[in-house]
Amino acid sequence: MQTIRRYLFRQLSSAIALVLLVFLGLLFFLDMLNQLSNSGHGFAASMLMVALQIPSRAYDVLPIAVITGTVYVMAGLAASSEFTILRMAGLSPRTALLQLLGFGLLCSALVFTMGEFVAPAAQRMQAALQARTPGGQFGTAPNAGIWVRNREGPDDDQMINIGRVGSDGELHDLRIYVLDDSAHLLRTVRAASASYQSGGLWVMHDVRTVSLPTGSTGDVRTASAPLQDWRTSVSPSMLDALVLSPQDMSVFDLWRYISHLRANGQSVQRDELEFWRKMLYPLSGVIMMMLALPFAYLHARSGQISWKVFAGIMLGVSFILLNTLASRLGLVANWPVWLAVALPYLLYGSAAMGFFLWRVQRH
């Protein structure tokens, strides 16, 4: 049985790696054309920018590569009668299912590693590279900046707008709007830049403060200072996470960001949805293996392998599409977040297991 396991794992690994390489090569070519046509970077800089997108692309297409490569191997073994020989050698349906589930867990671990560590790090490197270009900045839209809400106390509800974040982590064109408990504007603070020191302390440079009257009488007071301390719970690590969109964050960064939003009374439903999607997405490797195994029990000639591979690709694509659609429908229908995200996994996993048992009992 150990020999059969090694044989299957070697066949599956080489097929999945080849399919993944083809997908990434095609995406790299398309991204390269888009980068060269829409940016003013040179060829070398564009190639580096696109290369840093490869981990994110691999994270997205790995489940489809898993089911495509596995269907190709299973269908090929069935067409050449090798799978029949393996069954005669002791590969029972239960053992075959356990072997593929074990390999699926390895694929899930790879998907988790890509999404939790490799892809976010590559995206931050790409953002830093973008910020070093002339006029570049960290992932913020022109004239919009980054908006952050931070509640420091009952009369210190801060709405913070950061024009851009430099590659060294320094904040530029900083605006702070301080509100009271009734959402009345108390004062505004504008600083040309701010640099982080330690322990939640920022030092703002070239600061101008405007304090508004709190009652029916009073004067508007203005003050200027070359330097001013600013203590806040907004840290560079949190801003570093904000450079990425929620789908590009790691699970830990996304959880920390959701905690910050919840502590400041902001809506977290969309971010929770992305959190659960990233938590369950690695299980797609196991689901893809379960979907591919029944193809080994569909006896056909080798000429029909291409149709099986095409069917495998469509199954993988439909799973990804349903995963996105169910989460969006969950928002509209106000379903529990975990249920909206888990629904495609439950449906496809149940369907795959049901079809597998039906094929085994029939043959």
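Residues numbered from 1 in each chain as written. Predicted model: local features only at pLDDT ≥ 70, side-chain atom pairs only at ≥ 80, totals over all residues. Heavy atoms only, no water.

Describing the overall build of the chain
A tally of regular secondary structure across the chain gives 11 helices and 6 strands. If one aligns the C-alpha atoms of the chain with their principal axes, the spans along those axes are about 90 × 45 × 35 Å. Taking all 363 residues of the chain together, the buried fraction comes to 47%. Restricting the contact set of the chain to residue pairs at least 6 apart, pairs at least 24 apart contribute 61%. Roughly 18,500 Å² of accessible area belongs to the chain as shown, and the carbon and sulfur atoms make up 62% of that amount. When the 27 positive and 22 negative side-chain charges of the chain are each reduced to one mean point, those points stand 16 Å apart. (Helix = DSSP H or I, 4+ residues; strand = E, 2+ residues; numbered from the N terminus. Buried < 20%, exposed > 50% of the residue type's maximum accessible area, 1.4 Å probe, protein only. Contact = heavy atoms within 4.5 Å. Areas by Shrake-Rupley, 256 points an atom, 1.4 Å probe, with all protein chains shown as cover. Lys, Arg positive; Asp, Glu negative; His and termini not counted. Charge placed at Lys NZ, Arg CZ, Asp CG, Glu CD.)

Looking at the pattern of salt bridges
Tallied over the entire structure, the rule returns 9 salt bridges. Ionic pairing is found between R256 and D253, a salt bridge with its closest N-O pair at 2.7 Å. With R256 and D253 both in helix α7 (residues 251-263), this residue pair falls 3 residues apart, about one helical turn. A salt bridge links R262 to E272; its shortest N-O distance comes to 2.4 Å. Linking R262 in helix α7 with E272 in helix α8 (residues 269-280), this pair joins segments that are 10 residues apart in sequence. Owing to a relative accessible area of 46%, R262 belongs among the partly exposed residues under this scheme. You can call E272 partly exposed: its relative accessible area is 24%. Connected through shared salt-bridge partners, R124, D253 and R256 make up one network. (Salt bridge = Lys/Arg side-chain N within 4 Å of Asp/Glu carboxyl O.)

Points about the packing of aromatic side chains
If you walk through the whole model with that rule in mind, you get 13 aromatic pairs. Their ring planes at 40° and their centres at 6.2 Å tell us that W202 and W230 sit as a pair that is tilted. Of this pair, W202 sits in strand β5 (residues 201-211) while W230 sits in strand β6 (residues 221-231); the two residues are 28 residues apart in sequence, bridging distant segments of the chain. Taking the relative accessible area as the measure of exposure, W230 reaches 7% and is therefore buried. (Phe/Tyr/Trp six-rings, centres within 6.5 Å; stacked < 30°, edge-to-face > 60°.)

Here we look at a nonpolar patch on the surface
Side chains of L26, F29, L30 and L33 sit close together on the surface and give an oily, nonpolar patch of about 390 Å² of accessible area. Along the chain, F29 turns up in helix α1 (residues 2-38). (Patch = residues over 30% accessible without salt bridge, like charges linked within 9 Å, V, L, I, M, F, W, Y side chains within 5 Å.)

A closer look at the environment of A194
In this fold, A194 is placed in strand β4 (residues 185-196). Sequence separation between A194 and A351 is 157 residues; the distance between their C-alpha atoms is 55 Å. A194 has contacts with E170, L171, L174, W202, V203, M204 and H205, leaving out every residue within four places of it along the chain.

Re unusual backbone geometry
A positive phi angle, near 55°, is found at D206, a position not held by glycine. When you line up the elements, D206 lands in strand β5. Even without being a glycine, N334 presents a positive backbone phi close to 60°. In this fold, N334 is placed in the loop between α10 (305-333) and α11 (337-362).

Side note on the environment of V19
When you line up the elements, V19 lands in helix α1. Here the alpha-carbon distance between V19 and V61, two residues 42 residues apart in the chain, equals 9.8 Å.

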